[in-house]
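Here is how the chains run, residue by residue.
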Amino acid sequence: MTRERFKELGSGSFFGDYLYERTVPADHFLRKLEEVVDWEVFTPKLIRLYRGRAERGRPPYNPVVILKVLVLSYLYDLSERQVETYVNDSLSAKWFLGMAVDETAPDHSTLTKFKERIERQGKEALLEELLQEVVMMAVGKGVEFGSIQVVDSTHTVADVNVAKDDRRQDQGRSPRDGGARWGVKGKRRGKRQGKKQAEPHYFYGYKMHTSMNAGSDIITSLVVTGGNANDGKQFPALVDKDRQHGLRVDTYGADRGYDDSENHYLLKVLGMHSAILLNRYRTEKKDKNKQVWLDLKKTPEYQAGKRERYKIERKFGEAKANHGLRRCRYVGRLRYAIQAYLTAIALNLKRMVKLLTGVSFKGRARAMA
């Protein structure tokens with residue numbers, strides 16, 4: 001059995017816990033987050049990133065401390081440098097990390113090295129494990145999951161100046177972000193020859209394909225791709241990941257981008273109901289085969305899934321408006337995966353605290369106060 005050695009925090013402070021008790025309210029979101037989450041379950045997963053499992057050299061920070069700092073950065077939409085400053089200035093953040101009031105935060109370079117370890121050693125499999133652990137924790141804590149899953153994707157714009165990058169490639173140099181791709185996500189109203197019309201919305205970046213439980217608003221699985229990936233083709237992978245959680249799901253809802261016969265068939269084979277919105281050609285074509293699709297639209301499961309689909313769009317809006325998912329923090333597909341998974345984890349933790357304690361997250365204004 002290994003005995004990891006970590007840098008000791010929280011000791012030697014002249015003020016002890018007195019100042020925390022006076023300044024960090026009992027109903028503070030971070031107090032409730034600490035109450036809800038068993039952070040130490042992440043240690044065995046994260047310690048694999050450390051050479052010799054932290055048994056050699058100088059004692060490092062417990063990797064859970066670094067994970068918690070990263071969670072803070074995504075909760076409050078702060079860069080690594082900004083979250084370092086925030087922790088140094090915030091008594092509530094220091095309490096959350098188990099630090100003494102006069103201790104300094106892990107510096108931003110420590111966070112960068114930690115992410116590099118994930119990129120080199122843990123890769124996306126580790127990120128999936130962390131998300132799965134959060135979902136299972138929610139189940140274990142008594143969060144009620146419903147029978148309907150909703151699936152959709154959202155896009156994140158690459159951290160690239162496209163015009164400069166084009167000139168860069170014209171000179172024979174590699175693109176700044178080799179994983180980013182051009183894609184289309186929805187349509188926007190525009191004018192052409194004086195007439196208003198909907199035009200495709202092109203973007204350069206990545207997609208986060210997401211499955212979320214409609215009953216709990218908890219994100220259960222992700223698939224990260226370049227911006228050119230077909231949404232419908234990612235559906236089987238999301239369903240497969242969801243099944244690993246053992247949730248009692250019987251219906252999947254999604255928009256028309258997932259209306260692929262193979263996806264409907266997959267759900268039928270698994271004994272589930274499809275609430276994937278049907279394209280018009282399914283029900284308006286003039287042949288006898290359309291009856292099966294007309295019957296599907298009349299089922300209560302299809303109608304129920306259709307009503308719940310807005311929730312995942314609302315979740316994406318929250319992620320972009322409050323947690324920085326509108327633009328990539330980093331360069332590269334795996335680094336974008338780090339952003340996507342940590343954003344999903346932060347959103348899930350917010351939701352867990354709300355459902356289990358009734359305390360709402362106050363956002364960045366409260367954090368910087």
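Attention here is on the structure that accompanies the text. (Residues numbered from 1 in each chain as written. Predicted model: local features only at pLDDT ≥ 70, side-chain atom pairs only at ≥ 80, totals over all residues. Heavy atoms only, no water.)

Quick notes on the pattern of salt bridges
Evaluated as defined, the whole model comprises 21 salt bridges. Across the pair Lys45 and Glu133 runs a salt bridge whose closest N-O atoms are separated by 3.6 Å. Note that Lys45 is positioned in helix H3 (residues 43–46) and Glu133 in helix H7 (residues 108–140), a separation of 88 residues in sequence. Note on Lys45: relative accessible area 18%, which makes it buried. Its relative accessible area of 21% is what places Glu133 among the partly exposed residues. Here Arg48 makes a salt bridge to Glu129, at a shortest N to O gap of 3.3 Å. Taken as a pair, Arg48 in the loop between H3 and helix H4 (63–75) and Glu129 in helix H7 lie far apart in primary sequence, 81 residues in all. Judged by relative accessible area, Glu129 falls into the partly exposed class, the value being 25%. (Salt bridge = Lys/Arg side-chain N within 4 Å of Asp/Glu carboxyl O. Helix = DSSP H or I, 4+ residues; strand = E, 2+ residues; numbered from the N terminus. Buried < 20%, exposed > 50% of the residue type's maximum accessible area, 1.4 Å probe, protein only.)

Brief notes about the packing of aromatic side chains
The geometry of an aromatic ring pair is captured by the separation of the ring centres together with the interplanar angle, meaning the angle of the planes. By the definition in use, this model includes 9 aromatic pairs. Summarising the aromatic geometry, the rings of Tyr76 and Phe361 are spaced 5.1 Å apart at their centres and angled 40° between planes, so their arrangement reads as tilted. Residue Tyr76 is found in the loop between H4 and helix H5 (80–89), and its partner Phe361 is found in the loop between helix H15 (333–357) and helix H16 (364–368); the two are separated by 285 residues along the sequence. Residue Tyr76 is classed as buried on the basis of its relative accessible area of 2%. (Phe/Tyr/Trp six-rings, centres within 6.5 Å; stacked < 30°, edge-to-face > 60°.)

Digging into the environment of Asp217
Inspection of the secondary structure puts Asp217 in the loop between strand E3 (195–213) and strand E4 (218–226). Owing to a relative accessible area of 8%, Asp217 belongs among the buried residues under this scheme. Residues Asp217 and Leu347, spaced 130 residues apart in sequence, show a C-alpha to C-alpha distance of 9.2 Å. Not counting residues up to four positions away in its chain, the partners in contact with Asp217 are Met212, Lys311, Arg314, Lys315, Asn348 and Arg351. (Contact = heavy atoms within 4.5 Å.)

Some thoughts on the pairing of strand E1 (residues 148–157)
For E1, the tally of buried residues reaches 9 of 10 residues, placing the bulk of the element in the interior. The sheet contact formed by E1 and strand E5 (residues 251–254) spans 4 bridges and is parallel. Looking at E5, one finds that Val151 is bridged to Ala254. (Pairing = 2+ DSSP bridges.)

Regarding the side chain of Lys207
Its location among the elements puts Lys207 in strand E3. According to the relative accessible area criterion, Lys207 is buried, its value standing at 4%. Within the local environment of Lys207, its side chain forms a polar contact with the backbone oxygen of Ala229, the two atoms lying 2.9 Å apart. In this structure, Lys207 is in contact with Ser153, Thr154, His155, Val184, Val223, Val224, Thr225, Gly226, Gly227, Ala229, Asp231 and Tyr336, ignoring residues within four places of it in sequence. (Polar contact = N/O pair within 3.5 Å; in protein donor to acceptor, adjacent residues only side chain to side chain.)

Some remarks on the pairing of strand E6 (residues 273–276)
For E5 and E6, the ladder comprises 4 bridges, and the chain directions are parallel. Bridging from a neighbouring strand, Ala254 pairs with Ile276 of E6. Once the chain exits E5 it traverses helix H10 (residues 261–269) before rejoining the sheet at E6, and the crossover so formed is right-handed. (Right-handed = clockwise from strand over helix to strand, strands pointing away.)

Quick look at unusual backbone geometry
Positive phi values are uncommon outside glycine, yet Asp77 reaches one of about 55°. In this fold, Asp77 is placed in the loop between H4 and H5.

Quick look at the packing of H4 against H15
In the contact formed by H4 and H15, the axes pass within 9 Å of each other and the chain directions differ by 85°. What the angle tells us is that H4 and H15 run roughly perpendicular. Residues Leu67, Leu70, Val71, Tyr74 and Leu75 of H4 touch H15, and the partners they reach there are Ile338, Gln339, Leu342, Thr343, Ala346, Leu349 and Lys350. Here the contact of H4 with H15 is built from residues that sort into 9 nonpolar, 2 polar and 1 charged. (Axes fitted to C-alpha atoms, helices over the stretch in contact; angles between N-to-C directions. Parallel < 35°, antiparallel > 145°, perpendicular 65-115°, else oblique. Nonpolar A, V, L, I, M, F, W, Y, C, P; charged D, E, K, R; others polar.)

A closer look at the side chain of Thr154
For Thr154, the position within the fold is in strand E1. Under the relative-accessibility criterion, Thr154 is labelled buried at 5%. Engagement of the side chain of Thr154 in a polar contact is seen with the side chain of Lys320, the distance being 3.1 Å. Excluding anything up to four places from it in sequence, Thr154 contacts Lys185, Tyr206, Lys207, Met208, Phe316, Lys320 and Leu325.

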